[in-house]
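# Survey of secondary and tertiary structure
Here are the chains, one letter per residue:
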Amino acid sequence: MTIVRSGLISLAGTAARAAVQIAANVIVARILGPGAYGVAAVVLGLAVVLELVRSSGLAAVVLRSGSLAEPVVVALHRASICVGVVLGAVVALAGAVLLSGASTRPYGGLLLVIAVAFPMAGTVAVPIARMARQHEMGRVVVVESAAVVLAAGVAVGAASAGAGPIAVVVQVVVLWAVVALGVAVQGRMPRGVRAPWPTVRPLVRTARHLSSVQLISVVARAGDRSLVAVLFGSAASGMWAQAVQLVALPLEQIGAGVQRVAVPALAGADGADLRRRFRRLVGTTTLLVWPVLAVLGVLAGPVVALLFGPQWLGSGVLLPFLVVAGAAQAMSYSAVWYFVASGRSDVQLRWALVTQPVIVIALVVGSVGGVVPMAAAYASACLVLVVPSFTVATRGSGIRLVDLLGAVVPAAVAATAAAATAWVVHRAVPQDAVLGVLVPGVCAAVVALTVAVAFPAVRAARPARSAPLPSIRRGATR
């Protein structure tokens, strides 16, 4: 299976899962309201940690290392399970401690529930990475899509039954349980004798660096919800979390889908081929993300009112700033891909110790003026870090800044055209809650697609017999 086909399958599954998750999130948020949802949102930040356990340093090592002997894969798999178990135990211990306090008891119960998901996330990390490396994305998409649908159904049912904030957390647990079951049923769990420690030590060292980067990033990202909750209350935290989630859900789903293809693609290329693959990956990601975010920013208030109701309008005020941050993060994915693909995890760790404090400081400084200035400061920090992150990641690779900037031109023009269309059409159509969003959104999508295909680079990127993207032979190494 070629890299292009794997990428298309991954992105198709990503789009379907994102649609289901957004729909479930809308229903649950409407049932719970900002206050109860805000309580769950503080704990829900750990869902990011779960996703990072699944795409941990150990999984990244499998993605970029070509063909690994089965005993080595078994050793990495068991190490990943241990990481999940340890993290689950830490979260459960924190939940037990919080249960003892009257004001923190709701958070304690939620932490105990979500702790169950960590061992399951650790269990599937290496098997899914190996399936992606072997271009078995069809199997991965089937398992993950089934998990998302079942988890969404459980969450909506629990919220409708009056379960309260725990409905959001149960959704996360069910999702990971179904993914783990699906991978096991397909027989993709590594089995057998593990390799001795000296054999896997270099791989584990690289994985440790990558996981450290992820941990630093998670602390910085999850801290914003806690900071808003402490300074402005649970309702404000719920508004912030919902706005962040509207941006992060499509952004992270698309980013994760592309990364599964990007890392092995970049690891197996150099010279002109590396630059071409890099431009195509960046161009594809931004073209999928930027027009959506641009329309979301322009129609922020109407979209939030339509999806969640008038009690959530505070999220609409934050959304335009977080859209800018999301657009910057879509560009910054390229740095993450190349750090992992090139094996420069030590440099990535040192750079994370620079970038993440910058983001935290921006959030703290912005919070002095309130929640909205906090969002603006966060967006500014994300924008400022794009070019330095790219420069540090690709130094010595032959990839130039013009490759990054040139790759995003179609996305930038398409997003601008889509945003302008949405703005004009929204003011021209009747101010109906549904039509005021649906008609501008459809018109913007048509305009964005028309503008995008006008670029030769976009037309050339479509899979064609005359110009296929070279695939990496299974088992090849750098």
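Summary of the structure given here. (Residues numbered from 1 in each chain as written. Predicted model: local features only at pLDDT ≥ 70, side-chain atom pairs only at ≥ 80, totals over all residues. Heavy atoms only, no water.)

## Here's the deal with the overall build of the protein chain
The criterion, for reference: Note on conventions: DSSP H or I runs of at least 4 residues are helices, E runs of at least 2 residues are strands, and numbering of each starts at the N terminus. For the exposure calls, accessible area comes from a 1.4 Å probe over protein chains only, and a residue counts as buried if that area is under 20% of its type's maximum, exposed if over 50%, partly exposed in between. Contacts between residues were defined by any pair of non-hydrogen atoms, one from each residue, lying within 4.5 Å. Only the protein chains shown count as cover for residues, with accessible areas throughout obtained via the Shrake-Rupley method and a probe of 1.4 Å.
Counting its regular elements, the protein chain contains 19 helices and 0 strands. Counting all 478 residues of the protein chain, 53% fall into the buried class. Within the protein chain, contacts between residues separated by at least 24 positions form 82% of all contacts whose residues are at least 6 apart in sequence. Total accessible area computed for the protein chain in this model is approximately 19,300 Å², and 71% of it derives from carbon and sulfur atoms.

## Topic: the nonpolar core
Note the cut-off: Think of a nonpolar core as a cluster: buried Ala, Val, Leu, Ile, Met, Phe, Trp, Tyr and Cys residues, connected wherever their side-chain atoms sit within 4.5 Å.
By size, the foremost hydrophobic cluster in this structure holds 139 residues, and its most contacted members are L76, W176, W240, W290, L319 and L322. Take this core: its biggest share by element is 15 residues, from helix α10 (residues 234-267). If sequence neighbours within four positions are ignored, L76 has contacts with L58, V61, V62, L68, V126, L203 and V204. Core analysis: the next-biggest nonpolar cluster, separate from the first, contains 6 residues, A335, F339, W351 and V392 among them.

## A look at a nonpolar patch on the surface
How we decide: Within the patch definition used here, like charges are joined within 9 Å and nonpolar side chains (Val, Leu, Ile, Met, Phe, Trp, Tyr) within 5 Å, considering only residues with over 30% relative accessible area and no salt bridge. Any carboxyl oxygen of Asp or Glu that lies within 4 Å of a side-chain nitrogen of Lys or Arg is treated as forming a salt bridge with it.
Among the surface-exposed residues, V434, L438, V442 and V446 lie close enough to one another that they form a single nonpolar patch of about 340 Å² accessible area. The residue V446 is located in helix α18 (residues 435-453) in this model.

## Notes on the packing of helix α4 (residues 70-98) against helix α6 (residues 117-133)
The test is simple: Between N-to-C directions, angles cover 0 to 180 degrees, with each direction set by a line fitted to C-alpha atoms, over the stretch in contact for helices. Here is the rule for angles: anything less than 35 degrees is roughly parallel, anything more than 145 is roughly antiparallel, 65 through 115 is roughly perpendicular, and the remaining ranges are oblique. Throughout, a crossing is termed right-handed when the near helix is turned clockwise from the far one, and left-handed when it is turned anticlockwise from it by less than a right angle. Residues were grouped as follows: Ala, Val, Leu, Ile, Met, Phe, Trp, Tyr, Cys and Pro as nonpolar; Asp, Glu, Lys and Arg as charged; and all remaining residues, including Gly, as polar.
Packing of α4 against α6 brings their axes to within 6 Å, and their N-to-C directions diverge by 155 degrees. Taken as axis vectors, α4 and α6 run roughly antiparallel relative to one another. Two packed elements cross with a definite hand, and for α4 against α6 that hand is right-handed. Facing E70, V73, L76, H77, S80, I81, G84, V85, L87, G88 and V91 of α4, the residues of α6 in contact are F118, P119, G122, T123, A125, V126, P127 and R130. Its residues placed into classes, the contact of α4 with α6 shows 11 nonpolar, 6 polar and 2 charged.

## Some details on α4
Cut-off, in case you're wondering: Helix span, as expected, comes to 1.5 Å for every residue beyond the first.
Compared with the 42 Å implied by 1.5 Å per residue over 29 residues, the 42 Å span of α4 between its first and last C-alpha is a close match. Every buried residue belonging to α4 is among V72, V73, V74, A75, L76, H77, S80, G84, G88, V91 and G95, and all of these are buried.

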